[in-house]
Amino acid sequence: MFLALFRKAYRDVTKRRVRSLLTLLGILIGVGGVVAIVSTGENLARAQQAVYANASQNDIAYWVWNAPASLPRAVQEIDNVRAAETRVDFFTRCQWKQDGAPIARDMYLHGIADFETQRVDEIYLRAGRFPQAGEALIEQSALAALGLKLGDTLTCRGNGGEPDRAFTLVGAAQTPNYPNAALLDYAMLYAPSSDVIRLLGASGANSLLIKVADLTRARDTARAITQLLDRRGLQHNAPTLRDPQNYLGKRELDALLAVLTIFSVVGLVTSGFLVANTLAAIVTEQVGEIGVLKALGGTRAQVLLVFLLAALVYGVVGAALGLVVGALASWQLMLYLGSLLNLPVDFQIAPLGVALGIVVGVGVTLGAGALPAFGATRIPVKRALEAYGITPTYGAGRLDRLVQKIVALPPLAAMSARNLARRQGRALVTMLVIGVAVATSLAAQAVSATVDMAIDDLFRTYRADAWLWFGEYVGDNMRAALLTVPEVKQVEVWSLQNVWVTKESGGETAAARARLWGIPPDTALYAPQVVAGRWLQTGEMDSAVISTDLAEALGARVGAAITLDVGAAPRDFRVVGIAIDNSVFLGAQVAGKVFVPETIVAKMQGREGWATFFAVGLARHSAAEVDAQLDAIAQKFKRYQIGSDSAAREVKGAKEQTRILTLALAAMSLLIGFIGALGVVNTIMLNVLERRREIGVLRAIGASDANVLQTFLTEGLAFGLGGWLIGLALGYPLGWLIARVMESVLFHLNYIFTAQMALTSLLFALALTTLASLIPALAAARMRVKDALRYE
């Protein structure tokens, strides 16, 4: 008996091949999305953790000045130090010719003493060879981003009065776990240390990198290294320690996968609607067969089993196809994200993804098919044997009577609108499918606009037009010197470095890595958005303001006591305010920010009267004018190793870094829109089949192809309008949910939802349903009268 029922269910599925294909496509997309997202998440997390754990990434880093070649050997004598190396880092501007036109871009030049024996922050040769004197490697992602090729010659600007130097590109390297050059808006070059030292005008290295044996003892090791540097009289800054609980790009990856997971769930729900609609259509078509089966003694359980088996066929086949497509999609997504994050990718099918794909794919289809299957068991034998193409209660319900009163529309359009009430359940499910598609489109628009606006708002907090940093300590009287440059209107001494922040409460200690900003309390170049407490005041010695995300990470409120550890003696502060400032983007490994008066930070770092970082306000504010003014500053102070960045470039870079999320939103909304289109095609094809006799009658009384086409296209537009109204109701909360999820892993977001988005979604809904209904409408228009009237 079971085999007989299964054969019937299989025939029901394969009898309408186009409809079944559309339904399988919907399930395939939903299951494929789950498999792709879970597999990509697990593979990327494993790849990043592997690079983080096994690569030669430094655990402790110092800026030093003119460090001798013997320093690494001395550092390696310290307990817990596994390897130590010095580098020469120089941020400069390089120029080359492309198609005869000069091109200039910022470059981060790294000098390495011996490319063959690297042990810390190792780079991997991917093309060409390691450089010799007058040659350089370029980070591989920069070749395409900048239009460069091996053999090109770059001329890089020297520091101060040092002459420019030319470098020939002889190889391409990969820097593991470091973002793509297209995201950073600058490129990295690697050259022999001797060349970079000459370009810098120094006598030794300016970067000390240490790999430790036990990362849990890194702070104690850093203190010992600091003491060694002090004994040797080497100028240095506070150490930067690697966070063992974080890695480059983790926040952005978490946000991306969270967004994709939400959209995947939405896609599965939409696929469930599609399955329910298809099985409801099968039930409608087979009402007569249900009556015969019951008349011959078939039980309700057997009728239920027939349609659940049909749902199972859809689920098993759709899930199987979804697993294959999901694996391929995950591989492509891995390659794309791996290239952006500079990760070597090693793809593996995630068992959890496969299990979820099977369980969800089969479970959703069975769950969606249960309602129409249960409805089939309740059809009385008499009604089933007498049934025609419409429900016997049509015209009796309040909605039926309301729709019948439509007279303002042209006759064919009014008929199309009234036809929606003939299969109310099918029409509602179709509108729900379209509504979900519209909601995802609205959510994608709203979240993209929210993120862009958040970035703009965050950078409006910073009223500086640019920032300048020096490769060596300069007197804080450099502020007055910078003000002598034409067009420079304001200059402030700032500082920033990563610190560990701890808070003790009730015998428990909360710790987080944060970015310490030293800012004048009376700053004119920073506009704090304080949401609790107050801003810093001049003369305060132990006051700090923390960002909202750091407050959440620590569980801190105004008045809380916190401890800042900058690598020397820890210092206690009292939180006097909490501000919104979460402008930490791709690659950030900190939980938030802490603001302290710059004079206090200088004391903590042992550099009173000295500075390396300045915020600058300029007379003209356009991107091109700011770059021109920065070039003028660099020329006037060319004897210093000076680097610069503009607020405009920061905003552009931040938006470029969120491009991955924007692309993911757009891609998922298109996929779900495609599922919605499948639902419209499925429904209108069913309507065409059910109303073949009516089409024949219309054609017999003189209706043209255009009249028939108009009937079903208008029906599609009605579905679109109804789906749009549902989508408006669902789109706002869906976008809000996605924004809150992204906020939990990224930065503060003020949700934006505008009337323009609603109008755009209306056009999307109408275009989607019009295109989707075109295929069945054309099929109806081409139907011959005799074929339509003979249809049984």
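Residue positions are given per chain, counting from 1 as you read along its sequence in written order. Local features in this predicted model are restricted to residues of pLDDT 70 or higher, and side-chain atom pairs are both shown and tallied only at a pLDDT of 80 or more, whereas totals for entire chains, interfaces and linings draw on every residue. Note that the side-chain values use all heavy atoms of the structure and ignore hydrogens as well as water.

1. Thoughts on the overall build of the protein
1) Next: A tally of regular secondary structure across the protein gives 25 helices and 20 strands.
2) Next: We call a residue buried when its accessible area falls under 20% of the maximum for its residue type, exposed when it is over 50%, and partly exposed in between, using a 1.4 Å probe and counting protein chains only. Looking at the protein residue by residue over its 792 residues, the buried ones come to 55%.
3) Next: Any two residues having at least one pair of non-hydrogen atoms within 4.5 Å are treated as being in contact. When contacts within the protein are restricted to residue pairs at least 6 apart in sequence, long-range pairs at least 24 apart make up 82% of them.
4) Next: Note on areas: Shrake-Rupley, 1.4 Å probe, and residue coverage restricted to the protein chains presented here. Working note: accessible area of the protein is about 33,100 Å², and carbon and sulfur atoms make up 59% of it. In this description a helix means any DSSP run of H or I spanning at least four residues, a strand means any run of E spanning at least two, and both kinds are numbered starting from the N terminus.

2. With respect to the environment of V433
1) Next: Looking at the element boundaries, V433 is found in helix α15 (residues 424–461).
2) Next: Since its relative accessible area comes to 1%, V433 is described here as buried.
3) Next: A C-alpha to C-alpha distance of 7.7 Å links V433 and I675, two positions 242 residues apart in sequence.

3. Concerning the side chain of T523
1) Next: Counting through the fold element by element, T523 comes out in the loop between β13 (508–519) and β14 (530–533).
2) Next: N or O atoms closer than or at 3.5 Å make up a polar contact, with two conditions inside protein: a donor-capable atom paired with an acceptor-capable one, and, for residues adjacent in sequence, both atoms drawn from side chains. A polar contact is formed between the side chain of T523 and the side chain of E492, at a distance of 2.6 Å.
3) Next: Leaving out residues up to four positions away in the same chain, T523 has contacts with E492, W494 and W535.

4. Some points on helix α7 (residues 218–231)
1) Next: To estimate how far a helix should reach, multiply one less than its number of residues by 1.5 Å. Between its first and last C-alpha, α7 extends 20 Å over 14 residues, near the 20 Å set by a 1.5 Å rise per residue.
2) Next: Taken as a whole, α7 has its buried residues at A218, T221, A222, I225, T226, L228 and L229. One side of α7 holds all its buried residues, which, seen down the axis, span an arc of 160°. Relative to its buried face, α7 has exposed residues pointing more than 90 degrees away, namely D220 and R231.
3) Next: Tucked inside the fold, the buried residues of α7 contact β1 (60–67), α3 (71–76), β2 (81–98), β9 (205–212) and β10 (240–241).
4) Next: One or two residues past the end of α7 sits G233, with phi positive at roughly 70°. Directions drawn from the helix axis to the C-beta atoms are what define this arc.

5. With respect to the pairing of β13
1) Next: Any two strands between which DSSP finds at least two bridges are classified as paired. Where strand β12 (residues 488–505) meets β13, eleven bridges bridge the pair, whose relative direction is antiparallel. Directly across from L496, in β13, lies its bridge partner W517.
2) Next: Relative to strand β18 (residues 593–597), β13 runs parallel, the two being bridged by five bridges. Within β18, the position partnered with L516 by the bridge is V594.

6. Points about the state of the cysteines
1) Next: We call a pair of cysteine sulfur atoms a disulfide when they lie within 2.5 Å. Counted according to the given criterion, the structure contains one disulfide.
2) Next: Across the disulfide from C94 sits C156; the S-S distance is 2.1 Å. Disulfide C94-C156: torsion about the S-S bond near 100°, hence right-handed. Of this pair, C94 sits in strand β2 while C156 sits in strand β6 (residues 153–156), placing them 62 residues apart in sequence. One exposure class covers both C94 and C156, and it is buried.

7. Remarks on unusual backbone geometry
1) Next: For D121, which is not a glycine, the phi torsion comes out positive at approximately 50°.
2) Next: Along the chain, D121 falls in the loop between β3 (101–112) and β4 (124–128).
3) Next: Unlike most non-glycine residues, E487 shows phi in positive territory, near 80°.
4) Next: For E487, the position within the fold is in the loop between α16 (478–482) and β12.
5) Next: Residue classification places E487 among the partly exposed residues on the basis of a relative accessible area of 29%.

8. As for helix α6 (residues 193–200)
1) Next: Burial runs high along α6: six of the eight residues are buried.
2) Next: Of all the residues in α6, the buried ones are S193, D195, V196, I197, L199 and L200.
3) Next: Two residues or fewer past α6, G201 is found with a positive phi of approximately 75°.

9. Some points on the nonpolar core
1) Next: Note on terminology: a nonpolar core comprises buried Ala, Val, Leu, Ile, Met, Phe, Trp, Tyr and Cys residues joined through side-chain atoms within 4.5 Å. The biggest cluster of nonpolar side chains holds 50 residues, and the ones touching the most others in it are I210 and I225.
2) Next: Beyond its immediate stretch of four places on either side in the chain, I210 contacts N58, D59, I60, Y62, V75, V81, A83, A84, V120 and I225.
3) Next: Counting residues in hydrophobic clusters, the runner-up holds 41 residues, among them V447, V680, F712 and L749.

10. So, the pairing of strand β16 (residues 561–565)
1) Next: Direction of pairing for β12 relative to β16: antiparallel, over a ladder of three bridges. Paired with T502 across the two strands is T563, which belongs to β16.
2) Next: Where β16 lies against strand β17 (residues 571–579), four bridges are found, and the strand directions are antiparallel. Paired with A561 across the two strands is R574, which belongs to β17.

11. Points about the packing of aromatic side chains
1) Next: Only centres within 6.5 Å qualify two rings of Phe, Tyr or Trp (six-membered ring in Trp) as a pair; their planes then separate them into stacked at under 30 degrees, edge-to-face at over 60, and tilted for everything else. Within this structure, the stated rule accounts for 16 aromatic pairs.
2) Next: Relative to W517, the ring of W494 has its centre 5.9 Å away and its plane inclined at 80°; by these criteria the two rings are edge-to-face. One end of the pair, W494, is in strand β12; the other, W517, is in strand β13, and 23 residues separate them in sequence.
3) Next: With a relative accessible area of 8%, W517 lands in the buried category.
4) Next: Three or more aromatic residues joined by ring pairs form one cluster here, namely Y462, W467, W494, W517, Y526, W535 and F595.

12. Things to note about the confidence of the model for the protein
1) Next: For the protein, mean pLDDT is 77; residues scoring 70 or higher make up 71% of the total.
2) Next: Every residue carries a pLDDT, the predictor's confidence in it, which falls somewhere between 0 and 100. Overall, residues 388–395 carries pLDDT values under 50, and its contacts beyond four positions in sequence, including any with other chains, amount to 18 contacts.

13. Digging into the environment of A74
1) Next: Of note, A74 is situated in helix α3.
2) Next: A residue is classified by how much of its surface remains accessible, and A74, at 17% relative accessible area, is buried.
3) Next: Setting aside residues up to four positions removed in sequence, A74 forms contacts with L228 and R232.

14. A word on a nonpolar patch on the surface
1) Next: Like charges within 9 Å and nonpolar side chains (Val, Leu, Ile, Met, Phe, Trp, Tyr) within 5 Å are joined into patches, using only residues over 30% in relative accessible area that form no salt bridge. Note on definitions: salt bridges are taken to be side-chain nitrogens of Lys or Arg within 4 Å of carboxyl oxygens of Asp or Glu. There is a patch of nonpolar side chains on the surface, built from L312, V316 and L366 and spanning about 200 Å² of accessible area.
2) Next: Structurally, the position occupied by L366 is in helix α11 (residues 351–377).

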